[in-house]
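Structural description and commentary
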Amino acid sequence: MLLASKVITPNGKLRFVVDYSNWLDEQEYILSYTVTVSDTYPATSPPLVGTGVETVTDTSISASGQQLWLYVNGNGAPAGDTFDVRVSITTVIAGVPPSQTKEDHVSFTVVAL
């Protein structure tokens, strides 16, 4: 599910929190996660060559186990570049895994200062 569309500057670093507290059942928390970054291309534009330089660093699960924290880095990507940060989580209820798997993404567009 698309969670948000955000902008980032070419050398920007943006903290992003994915909050699952309203989605998780009582006593359920995030057990594990994966985060991937992929270039995206608007359907109406001519084919583009993605830079693939954007990264996600410093990921962690909050103390409550209901949020995933991550930092998105532009790493010098050119203005106009677009990319998705995809998150997949697996949850656990009362210490008995696995319970649910959920996949979400956030779309980013690189903008000049």
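Residues numbered from 1 in each chain as written. Predicted model: local features only at pLDDT ≥ 70, side-chain atom pairs only at ≥ 80, totals over all residues. Heavy atoms only, no water.

Digging into the pairing of strand E5 (residues 67-73)
To be explicit about the condition: When DSSP finds two or more bridges between a pair of strands, those strands are recorded as paired. Numbered from the N terminus, helices here are DSSP runs of H or I no shorter than four residues, and strands are runs of E no shorter than two.
Taken together, the 7 bridges between strand E2 (residues 13-19) and E5 define a ladder with antiparallel strand orientation. Within E5, the position partnered with leucine 14 by the bridge is valine 72. Bridge count for strand E4 (residues 55-61) against E5 is 5 bridges, and the pairing is antiparallel. Residue pairing in the sheet places valine 56 in a bridge with valine 72 of E5.

Observations concerning the pattern of salt bridges
Under the convention used in this document: Salt-bridge detection follows one rule: a side-chain nitrogen of Lys or Arg within 4 Å of a carboxyl oxygen of Asp or Glu. Accessible area is worked out with a 1.4 Å probe on protein chains only. A residue is then buried under 20% of its type maximum, exposed over 50%, and partly exposed in between.
Applying the stated criterion across every chain yields a total of 3 salt bridges. Residues aspartate 58 and lysine 13 are paired through a salt bridge, measuring 3.5 Å at the closest nitrogen-oxygen approach. With aspartate 58 in strand E4 and lysine 13 in strand E2, this residue pair connects regions lying 45 residues apart in the sequence. Notably, a salt bridge pairs arginine 86 with aspartate 84, separated by 3.2 Å at the nearest N-O pair. You can call aspartate 84 buried: its relative accessible area is 6%.

Points about the environment of lysine 13
What counts is decided by this rule: When checking whether two residues touch, look at their non-hydrogen atoms; a contact exists if any pair is within 4.5 Å. Distance and chemistry together define a polar contact, namely a pair of N or O atoms within 3.5 Å, with one atom able to donate a hydrogen and the other to accept it when in protein, and with adjacent residues in sequence counting only for side-chain atoms on both sides.
Distance from lysine 13 to threonine 57, taken between C-alpha atoms, is 9.6 Å for residues 44 residues apart in sequence. Contacts of lysine 13, omitting those with residues within four sequence positions, involve Ile8, Thr57, Asp58, Tyr71, Val72 and Asn73. Within the structure, the side chain of lysine 13 is placed 3.5 Å from the side chain of aspartate 58, a separation counted as a polar contact.

Let's talk about the packing of aromatic side chains
Two aromatic rings, taken as a pair, are described by how far apart their centres are and by the angle between their planes. So the rule is basically this: Stacked, edge-to-face and tilted are the three classes for Phe, Tyr and Trp ring pairs, Trp counted by its six-membered ring, which pair at centre distances within 6.5 Å; planes under 30 degrees apart are stacked, over 60 edge-to-face, the rest tilted. Our definition puts a charge over a ring when NZ of Lys or CZ of Arg is within 6 Å of the ring centre and also within 35 degrees of the ring normal.
Following the criterion strictly, the structure yields 2 aromatic pairs and no others. In this structure, lysine 13 is placed above the aromatic ring of tyrosine 71, and the distance from its NZ or CZ to the ring centre is 5.0 Å.

A look at the sheet that holds E4
In plain terms, the rule: Whenever a helix is involved, its axis is fitted only over the stretch in contact; in every case the axis is a line through C-alpha atoms, and angles between N-to-C directions fall within 0 to 180 degrees.
Read from one edge to the other, the open sheet built from 3 strands follows the order E2-E5-E4, with strand pairing classed as antiparallel. Unpaired on one side and paired on the other, E2 and E4 mark the two borders of the sheet. Ignoring strand direction, the axes of neighbouring strands in this sheet form an average angle of 20°.

Examining the confidence of the model for the protein chain
Low pLDDT marks stretches whose predicted atomic positions should not be read closely. Under the convention used in this document: By definition, pLDDT measures how confident the predictor is in each residue, and it falls between 0 and 100.
This prediction gives the protein chain a mean pLDDT of 86; 88% of its residues lie at or above 70. Here residues 43-49 is a poorly scored stretch, pLDDT under 50, and it has 3 contacts once near neighbours within four places are set aside; other chains count.

Concerning unusual backbone geometry
Look at aspartate 58: it is not a glycine, yet its phi comes out positive at around 50°. A positive phi angle, close to 50°, is found at asparagine 75, a residue other than glycine. In this fold, asparagine 75 is placed in the loop between E5 and strand E6 (82-93).

Notes on the nonpolar core
Quick note on the threshold: Think of a nonpolar core as a cluster: buried Ala, Val, Leu, Ile, Met, Phe, Trp, Tyr and Cys residues, connected wherever their side-chain atoms sit within 4.5 Å.
Judged by nonpolar contacts, the single largest core of 19 residues is most densely connected at Tyr20, Leu70, Val72, Phe83, Val85 and Phe108. Counting residues per element, the ones that place at least two in this core are strand E1 (2-8), E2, E5, E6 and strand E7 (101-110). Sort the elements by how many residues they give to this core and E6 lands first, with 4 residues. Beyond its immediate chain neighbours, meaning those up to four positions away, phenylalanine 108 contacts Lys6, Ile8, Leu14, Val72, Asp81, Thr82, Phe83 and Val85.

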